[in-house]
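# Analysis of the macromolecular model
As a plain string of letters, each chain reads:
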Amino acid sequence: MKETLFLSEPGIACAAGNNAADFWRSLTTGSQDGLVKVKTHSGREFYAAKIREGALKKTSARYDMRAIQIEDAALEQIAPAVQAAKQKYGAARIAVCVGCCDNGSELSVAGHREYFEKGAFPKYYSLEIQGADYPATYIKEKFGLAGPAYVFATACSSSGSATIKAAQLVQAGIVDAAICGGVDVASDTVLLGFDSLEAVSETKTNPFSAARSGITLGEGAAFFLLSKDKDLVGASCGGGMSTAPGTTTGLGSPAAPIALLGWGESADASHMTAPLADGSGAFCAMNEALTFAGLDASKIDYVNLHGTGTRLNDSMEAKAVAQVFGSLAAAVPASSTKPMTGHTLGASSSVELAACYCSIVNNDKKSSAEIKLPLHVYDGNYDPDLPRLNLIGPETKFNKRINVCMSNSFGFGGCNVSLIIGKTNG
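In this report, we go over the structure that sits alongside the text. These numbers come from a predicted model, not from an experiment.

### Considerations on the packing of helix α1 (residues 20-29) against helix α11 (residues 348-361)
Angle between the axes and distance between the axes: these two values describe a pair of packed helices. Between α1 and α11, whose axes approach to 10 Å, the crossing angle comes to 85 degrees. In terms of orientation, α1 and α11 fall into the roughly perpendicular class. For the pair α1 and α11, the contacting residues are Ala-20, Phe-23, Trp-24 and Leu-27 in the first and Val-351, Ala-354, Ala-355, Cys-358 and Ser-359 in the second.

### As for the sheet that holds strand β8 (residues 217-218)
Spatial strand order, β3-β4-β8: three strands in an open sheet with mixed pairing. Only two strands of the sheet have a single neighbouring strand rather than two, namely β3 (35-39) and β8. In the sheet, β3 pairs with strand β4 (residues 45-49) via five bridges, with the strands oriented antiparallel. Note that in β4 the partner of Lys-39 across the bridge is Glu-45. Sheet strands touched by helix α6 (residues 188-196): β3, β4 and β8. Its angle to β4, the strand with the most contacts, is close to 115 degrees.

### Examining the packing of helix α8 (residues 280-293) against helix α9 (residues 311-325)
Where α8 contacts α9, the axes come no closer than 8 Å and their chain directions differ by 35 degrees. Every pair of crossing elements has a handedness; the one defined by α8 and α9 is right-handed. Taking contact as the criterion, the partners of Ala-282, Phe-283, Met-286 and Leu-290 in α8 are, on α9, Met-316, Ala-320, Val-321, Gln-323, Val-324 and Phe-325. Class assignment for the residues of the contact of α8 with α9 results in nine nonpolar, one polar and no charged.

### Description of empty space enclosed by the protein
Tallied over the entire structure, the rule returns one cavity of 30 Å³ or more. What lines the largest cavity is simply Met-65, Ala-67, Ile-68, Cys-100, Asp-102, Asn-103, Gly-104, Ile-129, Gly-131, Tyr-134, Pro-135 and Val-183. Among the secondary structure elements, those contributing two or more residues to the lining of the largest cavity are α2 (66-89) and α4 (134-143). Its residues assigned to classes, the lining of the largest cavity comprises eight nonpolar, three polar and one charged.

### So, α1
Residues of α1 that are buried include every one of Ala-20, Phe-23, Trp-24, Ser-26, Leu-27 and Thr-28, and no others. Where the residues of α1 are buried, they touch β2 (11-14), α2, α10 (338-341) and α11. Sitting at the amino-terminal end of α1 is Asn-19, which places a side-chain oxygen 3.1 Å from the backbone nitrogen of Ala-21. Of the residues trailing α1, Gly-30 is marked for its positive phi of about 75 degrees.

### Considering the pairing of strand β5 (residues 94-99)
For β5, the tally of buried residues reaches six of six residues, placing the bulk of the element in the interior. Every second residue of β5 is oriented toward a common face, with Ile-94, Val-96 and Val-98 on one face and Ala-95, Cys-97 and Gly-99 on the other, all of them buried. Where β5 lies against strand β6 (residues 149-152), four bridges are found, and the strand directions are parallel. Along β6, the bridge assignment pairs Val-96 with Ala-149.

### Observations regarding the nonpolar core
By size, the foremost hydrophobic cluster in this structure holds 70 residues, and its most contacted members are Ile-179, Phe-223, Phe-325, Leu-389 and Ile-420. For this core, the element with the most residues is α2, which contributes eleven residues. The contact partners of Phe-325, leaving out residues within four places of it in the chain, are Met-286, Ala-297, Ile-300, Val-303, Val-332 and Met-406. Among the nonpolar cores identified, the runner-up in size contains 50 residues, and Ile-164, Ile-258, Tyr-302 and Tyr-357 belong to it.

### Here's the deal with the environment of Leu-232
Position of Leu-232 relative to the elements: it lies in helix α7 (residues 230-233). Overall, Leu-232 belongs to the buried group, its relative accessible area being 6%.

### Remarks on the side chain of Ser-161
Here Ser-161 shows up in helix α5 (residues 158-171). According to the relative accessible area criterion, Ser-161 is buried, its value standing at 10%.

Scoring rules and cut-offs
Residues numbered from 1 in each chain as written. Predicted model: local features only at pLDDT ≥ 70, side-chain atom pairs only at ≥ 80, totals over all residues. Heavy atoms only, no water. Axes fitted to C-alpha atoms, helices over the stretch in contact; angles between N-to-C directions. Helix = DSSP H or I, 4+ residues; strand = E, 2+ residues; numbered from the N terminus. Parallel < 35°, antiparallel > 145°, perpendicular 65-115°, else oblique. Contact = heavy atoms within 4.5 Å. Pairing = 2+ DSSP bridges. Left-handed = near helix turned anticlockwise from the far one by under 90°. Nonpolar A, V, L, I, M, F, W, Y, C, P; charged D, E, K, R; others polar. 1 Å grid on protein atoms, 1.4 Å probe; cavity = no way out; pocket = protein on both sides within 12 Å on 5 of 7 lines; lining within 4 Å. Points joined across faces, edges and corners; volume = space filled by probe spheres on them. Buried < 20%, exposed > 50% of the residue type's maximum accessible area, 1.4 Å probe, protein only. Polar contact = N/O pair within 3.5 Å; in protein donor to acceptor, adjacent residues only side chain to side chain. Core = buried A, V, L, I, M, F, W, Y, C linked by side-chain atoms within 4.5 Å.

Take a look at the structure:
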């Protein structure tokens, strides 16, 4: 019998909000205030989801770049839980697993530009900036940890892979707790790179619409503390971090602990960027997650779709969901939160897992008439060539409580991850 692994309230920083409460408010009202026009150094302009000016603070990091400031803003929200775990288990018994696709582009691009202009790198530049490990190294340095640390770069599924590895490390007894999540930035390098692939939408992303034309990139971070000990994590969401068991959600009732119930991974390995068009790779990941959790698809109360707004992704994901859920595909509530958060790349899986976490906790003990879930913001012109999904709108009615959620993340080349979280009885 596998051990139950509990998740803390998420620390969150993104265009939709810099804490769980603001994040949840944006998702359930469909606010796109964080999506703004940005101009790259090439002169090209794009919509991007950006954290508001002045919201980030300088850090004590050796390389204090925007990605680290975003990461730190999210980590501060789970700091009490991390410190409690450190006190209980010791610094060497806490792992760090981070999903990130940025290699210090903010400082490295500027440093190389100066090198080409002046023949020497600026004093602030070090090759370590470009090391993939630095987002995890910073977390170890911030909290004084001595356990294993990893960074995963499987594109859009990176932080999902990081979460799975964190769970495996705890289950294997290598560590007793793990900080898991992801961070990424919407730098010029990222914006222009995706534009070269003709994947960026000229307008705000429009997932599952017949008129969809690509992604809207974003920046953000989300982190959890994962542990076998529910007393370390609590279950508060939207009301500030708490490490006490039996914490209330602000809804006037005790919140059940939230656990990582199951996960699935698969690899299409058929193309450098495109997924398998039939959705078979995504289906495998979702089906594996259900099998691991010991659940039938009918037990899933909400699906957070990867929903990038590209032609290929939305098509294959709709097919995969239809295959997994069968006749229930048109009934299970589903939405893509990327129209509010932007596509946060390596952070997207953890940001969207945070949306699932808040969906469970903020609807605890509510009647079906009171339930609110993340809206699916698009033009309403559903692509008739896709299997029909139950995309959540302002008038969507719900017929059962939200106890178990599935979050899907599908990266370049078919790196597929599906995570399932839900309430437990202890």
